[in-house]
Amino acid sequence: MASTPHVLVIGGGSTGIGIARDLAMRDLDVTLVEQGNLTHGTTGRMHGLLHSGGRYAVSDQASAKECIQENRVLRDIASHCVEMTGGMFVKRPEDTEEYFEKKLEGCRECGIPAEVISGEEARKREPHLAKDIDKAIAVPDGAIDPFRLVVANAASAEQHGARIETHSPVTDLLIEDGEVVGVEVKHKSGPGIRVHGTEGGTEEIRADYVVNASGAWAGQIGEMADVDIEVRPSKGVMTIMNIRQVDTVINRCRPKGDADIVVPHETTAILGTTDEEVEDPEDYPEEQWEVDLMIDTLKELVPMLEEARTIRSFWGVRPLYEPPDVGSEDPTDITRDFFLLDHEERDDLPGMTSIVGGKFTTYRLMAEKISDHVCEQFDIERECRTADEPLPGSEDFSVLRDYMEEFGLRSPIGRRSVERLGSRADEVLKTNEPNPVICECEGVTRAEVQDAIKQSGSDLNAVRIRTRASMGNCQGGMCVHRLASELHDTSVDGDTFDEAIAREAWDELLQERWKGQRHALWGEQLSQAMLNYALHATTQNRDNDPADGEPVDFAAFDAGGDHVGDASGTDVAADGGETDGY
Amino acid sequence: MAIESDVLVIGGGLAGLSSAISAAREGADVRLVTYKQSTLRQASGLIDVLGYTPDGDGPLTDPYEGIDALPEDHPYRIVGVDTVRDAMSMFDEVVDTYQGGHTDTNALLPTYGGTVKPTARYPDGASAGLASDDRDLLLVGFEAMPDFDAPHVAAHLRAAGVPFDVRGVTIQFPGELMDDAKVTRYAKLLENNGPVTVRGRERGARDALVERINPELEDEPRVGLPAVLGDDDAAGVRAALEAELGVDVFEVPATPPSMPGVRLEDRLFEALDEAGGNFESGNPVVSFDGQDRVETVYVDKQDARIPFSADQYVLATGGLVGKGVESDRERVYEPIFDCYVPHPEDRYDWFDEAVFGEHPFAGFGVDPDPELRPLDAGGSPEFQNLRAAGSVLGGYDFAAEKSGSGVSIATGYHAGRIAAQEAQ
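Residues numbered from 1 in each chain as written. Chains lettered and ligands numbered in written order. Predicted model: local features only at pLDDT ≥ 70, side-chain atom pairs only at ≥ 80, totals over all residues. Heavy atoms only, no water.

Moving on: the pairing of strand S7 (residues 137-142) of chain B. Residues and elements named next belong to chain B. Across the 6 residues that make up S7, a large majority, 6, are buried. Residues Leu137, Leu139 and Gly141 of S7 are buried on one face, and the alternating residues Leu138, Val140 and Phe142, pointing to the opposite face, are buried as well. Across 6 bridges, S7 lies against strand S8 (residues 166-171) in parallel orientation. Each bridged residue has a counterpart across the sheet, and for Leu138 the counterpart in S8 is Arg167. With helix H5 (residues 150-159) bridging S7 and its parallel neighbour S8, the resulting β-α-β unit is right-handed. Bridging between S7 and strand S11 (residues 222-226) involves 2 bridges; their strand directions are parallel. Residue pairing for S11: Leu139 is matched across the bridge by Gly224. (Buried < 20%, exposed > 50% of the residue type's maximum accessible area, 1.4 Å probe, protein only. Helix = DSSP H or I, 4+ residues; strand = E, 2+ residues; numbered from the N terminus. Pairing = 2+ DSSP bridges. Right-handed = clockwise from strand over helix to strand, strands pointing away.)

Have a look at this one:
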């Protein structure tokens, strides 16, 4: 065995990236492989709630206690990813007094600060709450940006020497003498940053230990070594509103149920969710009734949701797991706790551990426990430091400087850029070049987009999750072509993104943005969708781009009434006079 | 007492203006009421008639030939190809700042997205940019204007196989404009040759711009810029730039807010005024009286309901974008008269999975009879004296076909003319 063990982590969601950071900070050699973008799976498809633990305070107190502990840690180490909005459990007249009391008691037992407030006080804090809300319990729920958090973890892991390969699905596990010794991956565009149109290839990555943190895909990785990992993927819808109807996380105070939470997130509010078991985490129905249920149920808490504009819906798949002997019928009964499956103990297959289940809020704690387990395999005793060291962007973070003057940005845009970038604001925004706004809905400037391209290559979806560009009301209608232009001619690590690369990335982002909007196509958003379609198809003619299709016979078209194409270009003065008509 | 006229047109976009002008030219007493800024301000200012068939064949060289092959319920088939030609002639007469009327053949123009698109009429200011003209061209963009990235557009046009060499350069617009200055700010500065400070010295913006473009020119005989070359006097700005640069200058039709769209709107309102029509803007039509015929419509004005009565009415309130067609989770409807809008019952049948798929929503609108009267679900006219024009009509996908302006002009012309004849 090498003196420094090499650990390979499968999965670029919060759990995998948390493990990569933790192990890299403990000086292990780490490689992380991810089939898509960072956050491709469940992490990129959650409601953005930083749990106080209140939601589990009755049903699962162990989880509740972990949540409040990690809630405090993340506020510390990831301040630029967290917005402490506060939260409430609101009680409607038909919700029972008994459950309200249980919730309150549960919060207190778990050490979650909880304060009972009157309906009147609740409406003072959140004026759009329904008039008949009786009362509420205020708790320290918050909003967290999962993209920013994962990207910051990845940056930290890389600073500690980890190698991170996105767009590199695992095609096989390498097994020798009954032991897992690495993986084979297929690079979609070669190792390193993603560049569209670059020929990929396979790579065998040998490792002293493999951690399978692929979430809902864990079973598929297990199959490659003939071990059963009974992940029970469960889908849930999240519906995004165009504005923040509430600035506080609003939970319904009743036992588990669908459509019981509204989370303010950046410029939007996210309604959630459903809980339906699915067969395949990649392929499941996204259904209209789920979207309708969000609006029709949550309007009981916030009546204006009935008429409000939704901009898209998306689905996430929870990687739920329960030991095979439990056999819950209903996915809502499956525990949200996580399980460490050491395949040596469990399946007589040394060299690999899988991590399944768990929650986003406690990703760091899960990563710590797995990292402890990995270190044990090598008799390494090193302290976990992830709870104490701030993530990149969160060091000495004090926002309250006048970035408007400093960077020549209008106030709200400067403020929002700095909120996203945290302590990296100086490094990213200080430029002598003009720094126009690229995405107006989210206030994303060119400097931020260029910074994201430097990190993620020609992948505009990766730029999107880093900056929020194209995630606002117009869903990319005004900015997708601008983002493609930002890619064009930019060089990263020696690769220059030419027009063909920019065009492919552009098409990919257009389609990705369309995917979620389809679930919001009525009212204002249908009007927006038609405007986007008109701009992209009518004005840009992107649906019939001659660069993608058959050659055009240019000579067959009108060459002008006054000056028939003067190829020599010598008679310019006369041409100049004529075209004006005076 | 209601405000009275022969013909009342509701809507101030291309369709409404075309119908008001055509009714006024027939001698009718016409009034046009319009609410918000029209979608012309979001449009490129190009006048497309038909660029592609509904099956996606194209670009078509002859839009009129393509009309015969359209489905029978397409607005062009309803009004007939001769009406389309007459309507385009009217457009050519009233808008003297456009070209393309010398031929039936479509032109191809470069877009800000780097493609070329087929169109039937184009502003004078775009004419030197024709992609079927084989002279080399230089595109010039401004650093702080991310909508038009000239090197990217140039590379894209090369990939599109244009028959000339095209280069793109990015320069800094002279002076200390904010990074997110509005297009109207650029347009006004260029129009007035307004003062900008360049290296501590005050200069005219247009003169300073010429100095920055000149060293970038090699031997290209034409230069394309984003569509910010002037507001009221675009021709003057362009002529001045051409004189100084010694080459042809053109604008690449733009993203919203679109100066070419604004100029066209201004020109059409002038033409309506010249034809003797009246108009007022800023307030919505909110309700109406009438059973078999529309008797009166009411305009909401600072909490008062002002009645307008006419013998004939034209509904030109736009489609989904202009809010002449609206929807909720259950249905699609026309908000003023509640005219019937055919649509699939299940809203998941309103769209296609692919971003540029065949979207049923793109064809949402009222279903008209040959006189363009909206029909109810049973196939009878909703009202004897209400006609519809432009994108409030259903049955065509203007974005895919590149037919939006042509349908608005042709149906506006047709509806306005019949309304005027009926009123007399």
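So, next bit.
Further remarks concern unusual backbone geometry. Residue and element names in this part refer to chain A. The residue after Gly272, namely Thr273, is reached through a cis peptide bond having omega -15°. By the secondary structure assignment, Thr273 is in the loop between strand S17 (268-272) and strand S18 (276-277). Phi is positive for His167, which is not a glycine, with a value near 50°. Secondary-structure assignment places His167 in the loop between strand S9 (163-165) and strand S10 (170-176). On the basis of relative accessibility, which here comes to 8%, the residue His167 falls in the buried class. Even without being glycine, Glu266 reaches a positive phi, approximately 50°.

With that settled, consider the packing of aromatic side chains. Any pair of aromatic rings gets described here by the distance separating the centres and the angle formed by the planes. For the coordinates displayed, the defined rule picks out 15 aromatic pairs over all chains. When the ring of Tyr348 of chain B is compared with that of Phe351 of chain B, the centres are 5.6 Å apart and the planes differ by 65°; the resulting orientation is edge-to-face. For Phe351 of chain B, a relative accessible area of 9% corresponds to the buried category. Here the aromatic cluster, defined as three or more aromatic residues joined through ring pairs, consists of Trp514 and Tyr533 of chain A together with Phe361 of chain B. Above the ring of Tyr56 of chain A, the side-chain terminus of Lys359 of chain A is found at 5.4 Å from the ring centroid. Across the ring face of Trp506 of chain A, the terminal group of Arg542 of chain A is positioned such that the distance to the ring centre comes to 4.0 Å. (Phe/Tyr/Trp six-rings, centres within 6.5 Å; stacked < 30°, edge-to-face > 60°. Lys NZ or Arg CZ within 6 Å of the ring centre and 35° of its normal.)

Let's shift gears to the interface of chain B and chain A. On the chain A side, the residues contacting the 88 residues of chain B number 75 residues. On the chain B side of the interface with chain A, the three residues burying the most area are His152, Arg329 and Phe356 of chain B, jointly 11% of the side's total. Run the count over chain B and chain A and you get 8 salt bridges. On inspection of chain B and its partner chain A, the count reaches 30 residue pairs in polar contact (both at pLDDT 80 or more). At the level of elements, strand S4 (107-110), strand S5 (116-119), H5, helix H8 (234-245) and helix H10 (398-401) of chain B are the ones that each hand at least two residues to the side of chain B that touches chain A. Taken together, the residues of the side of chain B that touches chain A break down into 41 nonpolar, 24 polar and 23 charged. (Contact = heavy atoms within 4.5 Å. Buried area = accessible area lost by both parts, 1.4 Å probe. Salt bridge = Lys/Arg side-chain N within 4 Å of Asp/Glu carboxyl O. Polar contact = N/O pair within 3.5 Å; in protein donor to acceptor, adjacent residues only side chain to side chain. Nonpolar A, V, L, I, M, F, W, Y, C, P; charged D, E, K, R; others polar.)

All right, on to the sheet that holds strand S11 (residues 179-187) of chain A then. Two strands in a sheet stick together by hydrogen bonds in their backbones, pointing the same way (parallel) or opposite ways (antiparallel). Residue and element names in this part refer to chain A. Ordered in space as S10-S11-S12, the 3 strands form an open sheet in which the pairing is antiparallel. The two strands at the open ends of the sheet, each matched to only one other strand, are S10 and strand S12 (201-206). Within this sheet the neighbouring strands show an average axis-to-axis angle of 25°, counted without direction. With 6 bridges joining them, S11 and S12 adopt antiparallel strand pairing. What sits directly across from Gly182, in S12, is Arg206. (Axes fitted to C-alpha atoms, helices over the stretch in contact; angles between N-to-C directions.)

Another point: the UniProt feature "domain: BFD-like [2Fe-2S]-binding" (unreviewed entry) in chain A. This chain's UniProt record puts "domain: BFD-like [2Fe-2S]-binding" (unreviewed entry) on residues 437-484 of chain A. Overall, residues 437-484 of chain A shows 50% helix and 10% strand. The separation of its end C-alpha atoms is 14 Å. (UniProt positions renumbered as here; feature names shortened; annotations may be inferred.)

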